[in-house]
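Inside the fold
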Amino acid sequence: MKRLRNESGFTLVELAIVLVIIGLILGVVLKGQEMINNASIKRAYNLQREIVAAVYTYFDRYGKYPGDDNTAQSRWSGVTNGNDNGQINGFSVACATGTTTETCQAWRHMRNANLITGAATSAENPGNPYGGVVGIGYVTVQGVSAHWVGLSDVPYDACQVIDRQYDDGVYNTGAIRGSGNYDTATSGVFTLYFRL
């Protein structure tokens, strides 16, 4: 009995202090994660706005959409001319350097015009904050055929927040649409489309 009385341990006050410190650390970590998520959402939205601005700047400068420009070869060597039908034909999130489709050449045209960053010889899609890429082109999304800027591999919850904050909050209506129903999703990634 005497030996048990001499044993030392944590008092209730010490345990309470430790629990408060752990709670504060968890609060900071969770708040930090929320800030990172909010920053990614804003960066994704601003990225599509930058691409839209680059497309319209190109159109103002040359009178044609990038990729659809049938006079691009007269300005820059190695690029492929478009067919000048008023549409950036196709939509791809898998452009490679040598790809000559309008949807991929749009990136190369805009890079050569110094409207977006990247090597002037590259037709590759720029990346987005969620590890996917950006696509551009004339395509039908949820029943509407138009020019769209699309961000691939966007998590379902980010799609929901972006659509609610900047459009109508419904995946298949409005100017922001999804490749699938992220409204009721609880997991997965989608391509998030913004009408040009």
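Our subject in this report is the structure included herewith. Along each chain, numbering runs from 1 in the same order as the chain's sequence is written. Totals for whole chains, interfaces and linings use every residue, but because this is a predicted model, local features are given only for residues with pLDDT of at least 70 and side-chain atom pairs only at 80 or more, for both listing and counting. No hydrogens and no water enter the side-chain calculation; it runs on all heavy atoms of the structure.

Position of L196 among the secondary structure elements: in the segment after β4 (189-195). As for L196 and S77, which are separated by 119 residues in sequence, their C-alpha atoms are 28 Å apart. Should any heavy atoms of two residues lie within 4.5 Å, those residues are considered in contact. With near-sequence residues (within four places) excluded, L196 lies in contact with V52, V55, Y56, H147, W148 and V149. Every helix listed is a DSSP run of H or I at least four residues long, and every strand listed is a run of E at least two residues long, numbered separately from the N terminus.

Looking now at the packing of helix α2 (residues 12-62) against helix α5 (residues 156-166). Only the stretch in contact is used when a helix axis is fitted, and all axes are lines through C-alpha atoms; the angle between N-to-C directions ranges over 0 to 180 degrees. At a minimum axis distance of 10 Å, the contact between α2 and α5 shows a crossing angle of 60°. For the element pair α2 / α5, the angle class is oblique. Considering the relative orientation of α2 and α5, their crossing is right-handed. In this structure, α2 uses I41, K42, A44 and Y45 to contact α5, whose residues at the interface are A158, V161, I162, Q165 and Y166. Under the scheme applied, nonpolar residues are Ala, Val, Leu, Ile, Met, Phe, Trp, Tyr, Cys and Pro; charged residues are Asp, Glu, Lys and Arg; polar residues are all the others, including Gly. Residue classes in the contact of α2 with α5 are distributed as 7 nonpolar, 1 polar and 1 charged. Roughly parallel covers angles under 35 degrees, roughly antiparallel covers those over 145, roughly perpendicular covers 65 to 115, and oblique covers all other angles. Crossing chirality is assigned from the near helix's rotation relative to the far helix, an anticlockwise turn below a right angle marking it left-handed and a clockwise turn marking it right-handed.

Right, let's get into the packing of α2 against helix α4 (residues 102-112). The relative placement of two packed helices is expressed as an angle between their axes plus a distance between the axes. Remark: α2 packs on α4, axes separated minimally by 11 Å, with the N-to-C direction vectors making an angle of 75°. Taken together, the axis directions place α2 and α4 in an arrangement best described as roughly perpendicular. When α2 is examined against α4, the residues I51, A54, V55 and Y58 are found in contact with a partner set consisting of W107, H109 and M110. Split by residue class, the contact of α2 with α4 holds 6 nonpolar, 1 polar and no charged.

We call a residue buried when its accessible area falls under 20% of the maximum for its residue type, exposed when it is over 50%, and partly exposed in between, using a 1.4 Å probe and counting protein chains only. With respect to burial, strand β2 (residues 144-155) is a largely interior element, 9 of its 12 residues being buried. Here strand β1 (residues 134-141) pairs with β2 via 8 bridges, running antiparallel. Pairing of T140 across the sheet is with S145, part of β2. When DSSP finds two or more bridges between a pair of strands, those strands are recorded as paired. Where β1 folds back onto β2 in an antiparallel hairpin, the turn is made up of 2 residues, including Q142, whose phi is positive at roughly 50°. Relative to β4, β2 runs antiparallel, the two sharing 6 bridges.

Attention shifts here to the pattern of salt bridges. Throughout this description, the term salt bridge denotes a Lys or Arg side-chain nitrogen within 4 Å of a carboxyl oxygen of Asp or Glu. Following the criterion strictly, the structure yields 3 salt bridges and no others. Between E50 and R43 there is a salt bridge, and its shortest N-O distance comes to 3.1 Å. Take R43: its relative accessible area is 37%, and that puts it in the partly exposed class. A salt bridge links R75 to D69; its shortest N-O distance comes to 2.1 Å. Classification of R75 as partly exposed rests on a relative accessible area of 31%. Looking at D69, the relative accessible area reads 0%, which means it is buried.

With that settled, the discussion passes to the environment of G132. Here G132 shows up in the loop between α4 and β1. Taking C-alpha positions, G132 is 21 Å from L115, a pair spaced 17 residues apart along the chain. Aside from chain neighbours lying at most four places away, what touches G132 is G127, S152 and D153.

As summarised here, the arrangement of the 4 strands in space is β1-β2-β4-β3, forming an open sheet in which the pairing is antiparallel. Of all the strands in the sheet, just β1 and β3 (176-178) have a single pairing partner and so form its edges. For this sheet, the mean angle separating the axes of adjacent strands, direction not counted, is 40°. This element, α2, spans β1, β2 and β4 of the sheet and lies at about 145° to β2.

Treat this as a map of the structure, not an account of what it does.
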